[in-house]
Amino acid sequence: FHPSMSVLTGAVNVCNCLGSGAGYLIVCGQVFQVATGANEPTRRLFVLVVGVFVCAPLALARHVSFMRHLAAGSVAALLLLVVTVVWFLGEHGQDESVTPQTLWFGPGGATIFTYMNSINN
């Protein structure tokens, strides 16, 4: 390909990254709102604070190598999440609304494979 194609592919990559980042911030704000019962202005403030104090420093880093510490922290947080879920399941048991039918085929038209496909995109 001609070197000028790198401008086009770079622009496509930038749009993809901005869209994905905005989507993740929106989802984080919605989870925050559900978890805390916050109102709409508080959710918007939370999204702004996370965007400014978490995403902006990561985007402005000169070298990506510092993110190895962030990756180690992310793995530790995932392990903590797994331990917490297993512990909660052990103490409270499985919810009665979760059956093999609803787990694999869903209560409506969406199945677990639909959700996994949306996560992978």
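Since the model is a prediction, treat every value here as computed from it, not as a measurement. (Residues numbered from 1 in each chain as written. Predicted model: local features only at pLDDT ≥ 70, side-chain atom pairs only at ≥ 80, totals over all residues. Heavy atoms only, no water.)

Draft legend 1. Representation of the side chain of R43 within the structure. On the secondary structure map, R43 appears in helix α2 (residues 40-59). Looking at R43, its side chain comes within polar contact range of the side chain of E40, at 2.6 Å. Apart from residues no more than four positions distant in its own chain, R43 is found in contact with I26, G29, Q30, F32 and Q33. (Helix = DSSP H or I, 4+ residues; strand = E, 2+ residues; numbered from the N terminus. Polar contact = N/O pair within 3.5 Å; in protein donor to acceptor, adjacent residues only side chain to side chain. Contact = heavy atoms within 4.5 Å.)

Draft legend 2. A look at the confidence of the model for the protein chain. Counting all residues, the mean pLDDT for the protein chain is 84, and 90% of those residues have values of 70 or more. Confidence, read as mean pLDDT per element, is least for helix α5 (residues 112-120) in the protein chain (68) and greatest for helix α3 (residues 67-92) (90). (pLDDT = per-residue confidence, 0-100.)

Draft legend 3. Spatial organisation of the pattern of salt bridges. What the rule picks out here adds up to 2 salt bridges. Between E40 and R44 there is a salt bridge; the shortest N-O distance is 3.2 Å. Here E40 pairs with R44, and both are found in helix α2, just 4 residues apart, close to one helical turn. By relative accessible area, E40 is classed as partly exposed at 31%. Among the charged side chains, a network of salt bridges with common partners joins E40, R43 and R44. (Salt bridge = Lys/Arg side-chain N within 4 Å of Asp/Glu carboxyl O. Buried < 20%, exposed > 50% of the residue type's maximum accessible area, 1.4 Å probe, protein only.)

Draft legend 4. Representation of α3 within the structure. An ideal rise of 1.5 Å per residue puts 38 Å on 26 residues; α3 measures up with 37 Å between its terminal C-alpha atoms. The first or second residue beyond α3 is G93, which carries a positive phi of 75 degrees. (Expected span 1.5 Å × (residues − 1).)

Draft legend 5. Here's a closer look at helix α1 (residues 5-36). Taking 1.5 Å per residue, 32 residues should reach 46 Å; α1 reaches 46 Å between its end C-alpha atoms and fits that length. Of the residues one or two after α1, G37 is the one with positive phi, at around 75 degrees.

Draft legend 6. Fine view of the state of the cysteines. Counted according to the given criterion, the structure contains 0 disulfides. You can see C17 has no disulfide; the closest cysteine sulfur is in C15, sitting 9.5 Å from it. (Disulfide = S-S within 2.5 Å.)

Draft legend 7. A nonpolar patch on the surface, seen in detail. A grouping of L45, L48, V49, V52, F53, V54, L58, F66 and L70 is seen on the molecular surface, where their side chains present a nonpolar patch of about 800 Å² in accessible area. For the nonpolar patch, the element with the highest residue contribution is α2, accounting for 7 residues. Take L58: its relative accessible area is 32%, and that puts it in the partly exposed class. (Patch = residues over 30% accessible without salt bridge, like charges linked within 9 Å, V, L, I, M, F, W, Y side chains within 5 Å. Areas by Shrake-Rupley, 256 points an atom, 1.4 Å probe, with all protein chains shown as cover.)

Draft legend 8. Representation of the packing of aromatic side chains within the structure. For the structure on display, the rule yields 1 aromatic pair. Plain terms: the ring middles of F32 and F46 are 4.0 Å apart, the flat faces sit at 5 degrees to each other, and that makes the pair stacked. In this pair, F32 sits in helix α1 while F46 sits in helix α2, placing the two residues 14 residues apart along the sequence. You can call F32 partly exposed: its relative accessible area is 23%. (Phe/Tyr/Trp six-rings, centres within 6.5 Å; stacked < 30°, edge-to-face > 60°.)

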